Amino acid sequence: MLKDLTPPSWKKLVKEELNLPRFKELESFLSLQYKQETIYPNKGNIFKALSFFKPVDTKVVILGQDPYHGENQAHGLSFSIPKNQKKLPPSLKNIRKEIEQTTKVTLPEHGNLEGWAAQGVLLLNAVLTVEAGKAASHQKKGWEAFTDTLISELSSSTDNIVFLLWGAYAHKKEALIDPMKHLILKSVHPSPLSAHRGFFGQEHFSRANKYLKSHGKQIIDWSTP
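Residues numbered from 1 in each chain as written. Predicted model: local features only at pLDDT ≥ 70, side-chain atom pairs only at ≥ 80, totals over all residues. Heavy atoms only, no water.

**Student:** Please set out the sheet that holds strand 5 (residues 162–166) residue by residue, giving values where relevant.
**Tutor:** Strand order in the open sheet formed by four strands is 3-2-5-6, with parallel pairing between adjacent strands. Since the sheet does not close on itself, it has two edges, and those belong to strand 3 (121–125) and strand 6 (183–187), each with one partner. Between one strand and the next, the sheet's axes are offset by a mean angle of 20°, whatever the strand orientation. In the sheet, strand 5 pairs with strand 6 via five bridges, with the strands oriented parallel. Of the residues in strand 6, the one forming a bridge with Trp 166 is Ser 187. Contacts from helix 7 (residues 143–157) reach strand 2 (60–64), strand 3 and strand 5, with the element oriented near 155° to strand 3. (Pairing = 2+ DSSP bridges. Helix = DSSP H or I, 4+ residues; strand = E, 2+ residues; numbered from the N terminus. Axes fitted to C-alpha atoms, helices over the stretch in contact; angles between N-to-C directions. Contact = heavy atoms within 4.5 Å.)

Quick look at the structure:
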């Protein structure tokens, strides 16, 4: 199931992982879960973050932990929600606040970040599925091995990507990234519990664009067009 859903260029990047027993165990687990429980996002959106561009075209990686577990929120992109959802999750509110304060762009009312993805921003959760109403319910089921491999292979096969690592969980992924080839920007998580202790004022979005421009890449329009 999962192997067939993986976009071709990304499938090639992680082809060895897809053939390991642990990935087949993850497929079996999810097959049963989707039959018996309400799982987010829907099957067609599991790899949505990988559907907008090829690995070589990645400019920025924003790493989340796992999908939103509320109804009609998760749609395959970390921190993003569907355009028709009016209530913004707290972390997304703070991300938007930081953008508006440090880049001076004006953001639309919706919280859909597909406009970023279309420009080469990989909005990747470390765990790509979750059971409804049960945060972190699909952690340690095999997703972490898959996304760790993806991050590691992306780091080794490309150059000059900006990795935004927010919070202790994301910071652990730094070991997978070559700092000689990429820019790693770290801060606390944008959640209301921590944002005021070092997320606000870090200027990650403007610093990312400065880095991209210095390496001849098109900058990101953070106004989510």
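Past the structure itself, the notes keep going.
**Student:** Talk me through the environment of Glu 203; I want residue IDs and the actual numbers.
**Tutor:** Mapped onto the secondary structure, Glu 203 falls in the loop between strand 6 and helix 9 (204–214). Judged by its relative accessible area of 37%, Glu 203 is partly exposed. Residues Glu 203 and Val 61, 142 residues apart in the sequence, show an inter-C-alpha distance of 16 Å. Residues contacting Glu 203, with those up to four places away along its chain left out, are Glu 98 and Thr 102. (Buried < 20%, exposed > 50% of the residue type's maximum accessible area, 1.4 Å probe, protein only.)

**Student:** Just give me the short version of the pattern of salt bridges, but keep the residues and values in it.
**Tutor:** Considering all chains together, one arrives at six salt bridges under this definition. Among the ionic pairs, Glu 114 bridges to Lys 48, the shortest N-O distance being 3.1 Å. Placement of Glu 114 in helix 6 (residues 114–117) and of Lys 48 in the loop between strand 1 (39–40) and strand 2 is noted, with a sequence separation of 66 residues between them. A relative accessible area of 17% places Lys 48 in the buried class. Residues Lys 181 and Asp 159 are paired through a salt bridge, measuring 3.8 Å at the closest nitrogen-oxygen approach. Of this pair, Lys 181 sits in the loop between helix 8 (168–171) and strand 6 while Asp 159 sits in the loop between helix 7 and strand 5, and the two are 22 residues apart along the sequence. (Salt bridge = Lys/Arg side-chain N within 4 Å of Asp/Glu carboxyl O.)

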